[in-house]
Amino acid sequence: MTDTYTLFVNKGLGKTVAKKLGLPRPALLRRYKSGAPLTVGPVLLVADAASTPDARALGEVMRGWGLDVVERFVASSTDRAPEGTNGPRTPEPSAPAEQRWGAIVVVLTGLSRPADAAAAVLALPDALKRLAPGGRVVTVSTAPADGDAPALAAARHGVDGFLRSLAKELRFGATANGILLAGDAGAEHPSTLAALRFLLSAKSAFVDGQFLTVSPADAAFVDSPRTWEKPLDGRVAVVTGAARGIGAAIAKTLARDGATVVCVDVPAAGEGLARTANAVGGTALQLDVTAPDAGERILAHARERHGRLDVVVHNAGILRDKLLANMDATRWESVVAVNVEAQLRINEALLAAAERGELDGLRIVSLASTSGIAGNRGQTNYGFTKAGVIGHTTATAALLAAHGGAANAVAPGFIETDMTAHIPFVPRQVARRANSLQQGGQPVDVAEAVAFLASPLAAGITGQTLRVCGQNLVGR
Ligand code: NAI
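Below or above, wherever it landed, is the structure these notes cover. (Residues numbered from 1 in each chain as written. Predicted model: local features only at pLDDT ≥ 70, side-chain atom pairs only at ≥ 80, totals over all residues. Heavy atoms only, no water.)

1. Some thoughts on the side chain of Ser 455
Its place among the elements puts Ser 455 in the loop between helix H17 (443–454) and strand E13 (465–468). In this structure Ser 455 comes out as buried when scored by relative accessible area, which is 7%. Only 2.7 Å separates the side chain of Ser 455 from the backbone oxygen of Phe 452, close enough to count as a polar contact. The contacts of Ser 455, once residues within four sequence positions are left out, are Pro 231, Leu 232 and Arg 363. (Helix = DSSP H or I, 4+ residues; strand = E, 2+ residues; numbered from the N terminus. Buried < 20%, exposed > 50% of the residue type's maximum accessible area, 1.4 Å probe, protein only. Polar contact = N/O pair within 3.5 Å; in protein donor to acceptor, adjacent residues only side chain to side chain. Contact = heavy atoms within 4.5 Å.)

Now the structure itself:
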């Protein structure tokens, strides 16, 4: 549920008062609806000369998605604005004056030194003034690599600071995210296109100021989805901790995308578990993920009931917050057992099956947390486990690669669930507003990121942690 303050400042008197007093005015975020347009208006495609071939290719693809794409390819920065003005030398392309951009896609793959960025970047100020509420900025650039010359490294790293700063400037629910192309992965790689579509869409409502890196994946495992609406058609997915909260939202979203879902939770949560399993037309498996044979039981259930296993989402997690000065063994050990040791043990069973040739192309998505990135007072145990999830995800991705699989993590920030509803009022308000979108995310926002990473086209995205935090102001 959207919080009361956000609802209040978005209508009538509340809107006027908040405006007058200069109070934060979090926007009502656009969320995915089947059949709704991908973006809220036409797409402005901006590129410097060296990036134009990649931009043209992306433009073709986006037109194929039914988007109205307007190209603005700038030969050099001097082409764009007469000296001493912000105005363009050439008029703003096509779209009528009242038309707002649904998205601005900036292609920077051709940068070879920092000075090159000016051409495309200085084409943005006027366009940004016409970015629609809920609009998107997406950069597509080349990932820094070992051996880059200093000037090339400066340009490629520069995109990171540029994008994260721009994301903090956007308002009215607009977001900015980037795609980094690594190795031989190009603009037309299926995972680049899948990432672009995800970042343009309402599915990425609470993803802000983040990057997705696309690596060349074994072509054999980059399946085309049958449709963009049902990318998981014919797949079998397991979701742990599915009885409620984020886990239930993940189960529903994977089912919406076509997967048959096995819902796992402890016997004590049996009622909620049955409710989720029924809602998604899947099966329920009552299982404590800390059981030594949890991995084998998950595999056996998926195979016996559904004939295969394609996706495992490690969502089950617990909190036992205490300052370290007051920490006891039960609080520490239970959090470690559920949040990280269980994932590791289940993954060992899955990897053993992959090595026997029984599980090709497996996708694992694990729930981390921004507490595992920035730390959080009272959460040394939780932060330890969530940072551990980020660590084992990279290591597991390397092992799964040989079997066409991928492992990624999603790190939610403040999400409106039963867990966060129990935080006292004042710290809850502070935590909820401390991000660029000035609100908490919804369980479905996390679920959309998980579903994207689980989808066949995301094969080139592996070993990564995607934050779903509205660009939470905490960070390293
Ligand atoms: P929740 O407490 O509402 O749901 C967790 C589910 O996991 C429950 O259904 C519970 O029964 C199940 N579970 C717990 N221990 C289990 C075990 N040993 N075996 C099987 N199932 C078990 O939590 P919420 O908020 O939905 O969080 C889901 C995940 O997202 C967790 O990993 C959490 O750490 C993570 N997360 C949540 C954030 C938030 O703001 N809500 C922020 C960052 C991360």
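2. What to know about the nonpolar core
Counting residues in each nonpolar core, the largest one holds 69 residues, and the members touching the most others are Met 62 and Leu 254. In terms of residue count, H17 provides more of this core than any other element does, eight residues in total. Taken together, domain 1 (25–80 + 97–214) and domain 2 (227–468) each give at least three residues to this core, which thus spans both. Sequence-distant contacts of Met 62, defined by excluding residues within four places in its chain, comprise Val 43, Leu 45, Leu 67, Val 69, Val 105, Leu 196 and Leu 200. In this structure, Val 264, Ala 302, Leu 309 and Leu 359 belong to the second largest nonpolar core, which totals 30 residues. (Core = buried A, V, L, I, M, F, W, Y, C linked by side-chain atoms within 4.5 Å. Domains from an automatic or database assignment.)

3. Points about the packing of aromatic side chains
Aromatic ring pairs are defined here through the distance separating the ring centres and the angle between the ring planes. Evaluated as defined, the whole model comprises three aromatic pairs. Ring geometry for Phe 198 against Phe 452: centres 4.5 Å apart, planes inclined by 5°, an arrangement best described as stacked. With Phe 198 in helix H8 (residues 190–200) and Phe 452 in helix H17, the pair connects residues that are 254 residues apart, well separated along the chain. Considered together, Phe 198 and Phe 452 belong to a single accessibility category, that of buried residues. Taken together, a centroid distance of 5.1 Å and an interplanar angle of 40° make the contact between Trp 332 and Phe 384 tilted. Of the two residues, Trp 332 is situated in helix H12 (residues 329–355) and Phe 384 in helix H14 (residues 380–401); the sequence distance between them amounts to 52 residues. Given a relative accessible area of 29%, Trp 332 falls into the partly exposed group. The aromatic ring of Trp 65 is capped on one face by Arg 197, whose charged end is 5.2 Å from the ring centroid. The ring of Tyr 32 has Lys 203 sitting right over it, with the charged end atom 4.6 Å from the ring centre. (Phe/Tyr/Trp six-rings, centres within 6.5 Å; stacked < 30°, edge-to-face > 60°. Lys NZ or Arg CZ within 6 Å of the ring centre and 35° of its normal.)

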